[in-house]
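Secondary and tertiary structure notes
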Amino acid sequence: MALLCIRIAMILVLFLAFSENYGFLRGVTSLGINYGQVGNNLPQPEKVLDLLSSLKLTKARIYDTNPQILTAFANSNVELIVTVENQMLAVLMDPQQAFQWVSTHIKPYFPATRITGIAVGNEVFTDSDATLLAYLVPAIVSIHGALAQLGLDSYIHVSTPNSLAVLTESYPPSAGSFKTEVSGIMSQYLQFLSSTKAPFWINAYPYFAYKDKPDEVPLDYVLFNPNSGMIDPHTKLHYDNMLYAQVDAVIFAIARMGFDGIEVGVSETGWPSKGDADEVGAMVDNAAAYNKNILRRQFKNEGTPLRPNMRLEIYLFALFNEDMKPGPTSERNYGLFQPDCTMVYNVGISALSSPSSSTSSASISLTSSATKVKT
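Residues numbered from 1 in each chain as written. Predicted model: local features only at pLDDT ≥ 70, side-chain atom pairs only at ≥ 80, totals over all residues. Heavy atoms only, no water.

Moving on, we come to the environment of G303. Along the chain, G303 falls in the loop between helix 11 (284-299) and strand 13 (314-317). Of the residues examined, G303 reaches a relative accessible area of 11% and is grouped as buried. (Helix = DSSP H or I, 4+ residues; strand = E, 2+ residues; numbered from the N terminus. Buried < 20%, exposed > 50% of the residue type's maximum accessible area, 1.4 Å probe, protein only.)

Okay, structure coming up:
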């Protein structure tokens, strides 16, 4: 399989070298990919780096601090966001434990490995284990303090990815507000982000809104296809896709807490290429359309209607289909590639460069999808 990955990477490089779109992601400074590892047949990290390099992808997020990955990615141009697992939060509240963690998991690899962010936990504000929430901000503060002690705080931001379910209202975007039960700790968290200039990360999946209400949610609106969109009655801003509306709902929610100027980025998004019978919309054509259209927008370094001049940073999920992920069939079918490095489906470079091109005309893919079921 390793040899196959190398050959496919070489083919991609050759194609790009002779394509008018060579370096097609060179100007897309905001695009990243989530590199999950919940599979028993995934390629070695060195081969994954070859694949990312062939696609000109320079940002990735992993869900741990896997030393094999951190070592393999040394001296490359790929920026990495690493993750502290939820079960570690209680331990890392202690500043001494946090210092030891950073000294062991971050310092030995930096700066050769371009670690640019630490995600402390994942979707803690909406986790079924409510006790985790009390640990979150202290752990974040302790980890940031450890980075500062080691002189790394100006290079590595500290934040936490959040489910869209942290909002009690998201439609219209101007009504965006956080759930009252998390408002106290959310305020502490936002104060930290404001003081350190770190981003607020959101895991946003328009697919789930469509799956739950396919008769009410227009498919073209969630896929970024041409559509009439919606106008926020309060701001009069026009939205032609749900993802940007979700992001702006978060920005409004943050403003309601008294904070302004905090960057909001998308830590995960996508569309499944396969699902169970009751997973409406989980199919190749929709996944291809969604990801092709996101990439087209990323070419433009677009912002949302509320912040048109601030590019929206997006991390697509995921690099590979992961065969050991639990849950419905869709959970194992969000990948850009199969574990043997063959593409799941094509979203052509030529399609991305021409607004009139159709998905079926694709010649090579740069696609992706989501991960956990979000609401």
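From this point, the narrative continues.
Time to look at the pattern of salt bridges. With the rule as written, the count across this model stands at seven salt bridges. R61 serves as the salt-bridge partner of E268, at 3.0 Å between the closest nitrogen and oxygen. Placement of the pair is E268 in strand 12 (residues 264-268) and R61 in strand 2 (residues 59-61), with a sequence separation of 207 residues. The exposure class assigned to R61 is buried, which follows from its relative accessible area of 2%. Here D240 makes a salt bridge to R297, at a shortest N to O gap of 2.8 Å. Residue D240 is found in the loop between strand 11 (238-239) and helix 10 (242-256), and its partner R297 is found in helix 11; the two are separated by 57 residues along the sequence. The buried category is assigned to R297, whose relative accessible area is 13%. (Salt bridge = Lys/Arg side-chain N within 4 Å of Asp/Glu carboxyl O.)

On to the environment of Y244, then. Here Y244 shows up in helix 10. Relative accessible area serves as the criterion here: at 3%, Y244 is assigned to the buried category. Along the primary structure Y244 and P173 are separated by 71 residues, whereas in three dimensions their C-alpha atoms are 9.1 Å apart. Within the structure, Y244 has its side chain in polar contact with the side chain of E302 (distance 2.7 Å). (Polar contact = N/O pair within 3.5 Å; in protein donor to acceptor, adjacent residues only side chain to side chain.)

Another point: the side chain of Q298. If you trace the backbone, Q298 turns up in helix 11. Using a relative accessible area of 1% as the deciding quantity, one classes Q298 as buried. Reaching out from Q298, the side chain makes a polar contact with the backbone nitrogen of L31 at a distance of 3.4 Å.

Looking now at the confidence of the model for the protein chain. Averaged over all residues, the pLDDT of the protein chain is 88; the fraction at 70 or higher stands at 84%. Low pLDDT, under 50, characterises residues 348-375; the stretch is placed with 111 contacts to residues that sit more than four places away or in other chains. (pLDDT = per-residue confidence, 0-100. Contact = heavy atoms within 4.5 Å.)

Each neighbour pair has its own omega, and for Y171 with P172 the value is -10°, a cis peptide bond. With respect to the secondary-structure elements, P172 resides in the loop between strand 7 (167-169) and strand 8 (177-178). In this structure, A318 follows F317 across a cis peptide bond, with omega equal to 5°. Here A318 lies in the loop between strand 13 and helix 12 (349-353). The phi angle at E123 is positive, at roughly 55°, despite the residue not being glycine. Structurally, the position occupied by E123 is in the loop between strand 4 (114-120) and helix 6 (132-149). Positive phi outside glycine occurs at N301, with the angle close to 50°. Among the secondary structure elements, N301 is positioned in the loop between helix 11 and strand 13.

Under the 1.5 Å per step criterion, the end-to-end length of helix 7 (residues 183-196) is 20 Å for 14 residues, consistent within 8% with the ideal 20 Å. Contact partners of the buried residues in helix 7: helix 6, strand 5 (157-159), strand 6 (161-163), strand 8, strand 9 (200-203) and helix 10. Positive phi shows up at K197, right after helix 7, with a value of about 65°. (Expected span 1.5 Å × (residues − 1).)

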